Amino acid sequence: MDTASRMTEMQTISTDSADDTWEVAGHRFTSRLIVGTGKYKDFAQNAAAVEASGAEIVTVAVRRVNISDPSQPVLMDYIDPKKITYLPNTAGCFTAEDAIRTMRLAREAGGWDLVKLEVLGEAKTLYPNMVETIRACEVLAKEGFKPMVYCTDDPIAAKQLEEAGAVAIMPLGAPIGSGLGIQNQVTIRLIVEGANVPVLVDAGVGTASDAAVALELGCDGVLMNTAIAEAKDPIRMARAMKLAVEAGREAYLAGRMGRRKYADPSSPLAGLI
Amino acid sequence: MTTPISLTVNGEPRRTSAATIADFVRELGLKPEKVAVEHNGEIAPRSTLEQVALCDGDQLEIVHFVGGG
C-alpha cells in the first residue's frame, strides 16, 4: 500500500471512531462514560474530574435545600446544566412511591424527562429491589418519564424492565461503591444480547480495566462515581476512565481474537536456521 | 404588608409575610428557577410559583440537585 492510500485508510478508521455515538430516548451522545457527582472533596474538584472524564452526562441527587444556610455553594454553580446533561437519580429511595415522588420533584427542579431510577432493597448491599423498581418504572413511563434503570444483573429482570418502559438497562457490575469490578461477565453479556435498549454497567467499577471490560462485553456505556471520586488523584483517574471506555469500545468494535488452549507462534516457523 | 403566617418548610417551622411560593423562596435567599417545591404534598409546577398563594399552616418541601452517584 502506498503512503497516500494508507493515509486515506487511517482517516477512514478515525472518522469511524468519531461517528461512533449512542442514543438513549432520542438523545445522542458521544461519550460512553456517565459519572456521578458524589463524594468529591469539593465542587471544584468534581467539576475538574467531569471535564477530564469527557462525560456528557452526570448523575445528581435530589435533596432538601438547607434552609438555615441557603447561601452555600451549589452544584449548578460549578457544573453547568446547559452544557452537561443532569441525570437526576432516586438514590436513597427504598419504595416505588419515594422514587416516583423524587422524580416528579426532579422534573420540576429543571431536570428533563431522562432520569435514573433506582429503588434499593437494603442499606447493607444497596442491591436493587426489583419488584419495587419495575413498579416505579411502569408508573414513571406512563407519566412521560424516560427511566434509565439501575438493576440486578438478571437477564429476565432486564426484559421485564424493558416491557415496563425502561429506556436503558443499567445492571450492577458489583455492589455500589465496592470497586470490585464486574463480577459476572456472563450475565452482563446475556443482558446485552437480549436488550433492545442501551445497556450500561452501573456500579462496581474500581479501576480503568473494569470500565474497559464493560465496553468489551458490548455495553453501550458505563456509569461510575466512587472509582473516580475516591482515587488518590481523581482527575487523573477520570482521564484514565475516559481512555479505558474508548479502548474497550474500540476493542469491542474491532472484534477480539478467539481464545486458544495452547500457544500459537507469532513468528513464522518457515525459514528457521 | 400581609399578616405573617406559619409554615412548615423542610420539616422546620417558619414564619413569613411572603404572599406567594416564589416570594417565599426568594425570601430564603434562593432562586425559584433552581429549586423544586412540593406544596401540601403536591408538586407546585414552576410556572405557577409566582401565583400560588401561601396560607397559614401550609407545608412546603423545597429541594434542589446535589452531588450523587
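Residues numbered from 1 in each chain as written. Chains lettered and ligands numbered in written order. Predicted model: local features only at pLDDT ≥ 70, side-chain atom pairs only at ≥ 80, totals over all residues. Heavy atoms only, no water.

**Q** Teacher, can you tell me more about the overall build of chain A here?
**A** The secondary structure content of chain A amounts to nine helices and ten strands. Relative to the 2.2 N^0.38 estimate, which gives 19 Å for 273 residues, the radius of gyration of chain A is 20 Å and therefore close to what a compact globule would have. Oriented by its inertia axes, the alpha-carbon framework of chain A measures out at about 80 × 40 × 35 Å. Across the 273 residues that make up chain A, the buried fraction comes to 47%. Within chain A, counting contacts between residues at least 6 apart in sequence, those at least 24 apart form 65% of the total. Surface accessibility of chain A: about 13,600 Å² in total, with carbon and sulfur atoms responsible for 53%. Each charge class in chain A can be summarised by its mean position, and for the 28 positive and 35 negative side chains these summaries are 3 Å apart. (Helix = DSSP H or I, 4+ residues; strand = E, 2+ residues; numbered from the N terminus. Rg over C-alpha atoms; globule rule 2.2 N^0.38 Å. Buried < 20%, exposed > 50% of the residue type's maximum accessible area, 1.4 Å probe, protein only. Contact = heavy atoms within 4.5 Å. Areas by Shrake-Rupley, 256 points an atom, 1.4 Å probe, with all protein chains shown as cover. Lys, Arg positive; Asp, Glu negative; His and termini not counted. Charge placed at Lys NZ, Arg CZ, Asp CG, Glu CD.)

**Q** How should I be thinking about the sheet that holds strand 6 (residues 114–117) of chain A in this particular structure?
**A** Backbone hydrogen bonds are what pair the strands of a sheet, in a parallel or an antiparallel way. Residues and elements named next belong to chain A. The sheet built from three strands is open, its strands ordered 6-7-8 with parallel pairing. Every interior strand has two partners, whereas the edge strands, strand 6 and strand 8 (168–171), have only one. In this sheet, neighbouring strand axes are inclined to one another by 20° on average, regardless of whether the strands run parallel or antiparallel. Direction of pairing for strand 7 (residues 146–151) relative to strand 8: parallel, over a ladder of four bridges. Residue V149 lies in a different strand from strand 8, and its bridge partner there is I169. Packing against the sheet, helix 4 (residues 130–142) makes contact with strand 6 and strand 7, and its axis sits at approximately 175° to strand 7. (Pairing = 2+ DSSP bridges. Axes fitted to C-alpha atoms, helices over the stretch in contact; angles between N-to-C directions.)

**Q** Explanation requested: the confidence of the model for chain B in the structure shown.
**A** With 97% of its residues at a pLDDT of 70 or more, chain B shows a mean pLDDT of 91. We note a pTM of 0.89 for the whole complex and an ipTM of 0.91 for its interfaces. (pLDDT = per-residue confidence, 0-100.)

**Q** How do you make sense of the side chain of S31(A) when you look at a structure like this?
**A** With respect to the element layout, S31(A) can be found in the loop between strand 2 (27–29) and strand 3 (33–35). Ignoring any residue separated from it by four or fewer positions in sequence, one finds S31(A) in contact with W22(A), G54(A), A55(A) and E56(A).

**Q** Mind showing me how you'd approach the side chain of E38(B) here?
**A** Residue placement: E38(B) occurs in strand 3 (residues 36–39). Within the local environment of E38(B), its side chain forms a polar contact with the side chain of R101(A), the two groups lying 2.5 Å apart. If we skip the residues at most four places from it in the chain, E38(B) touches R101(A), L105(A), I43(B), A44(B), Q59(B), L60(B) and E61(B). (Polar contact = N/O pair within 3.5 Å; in protein donor to acceptor, adjacent residues only side chain to side chain.)

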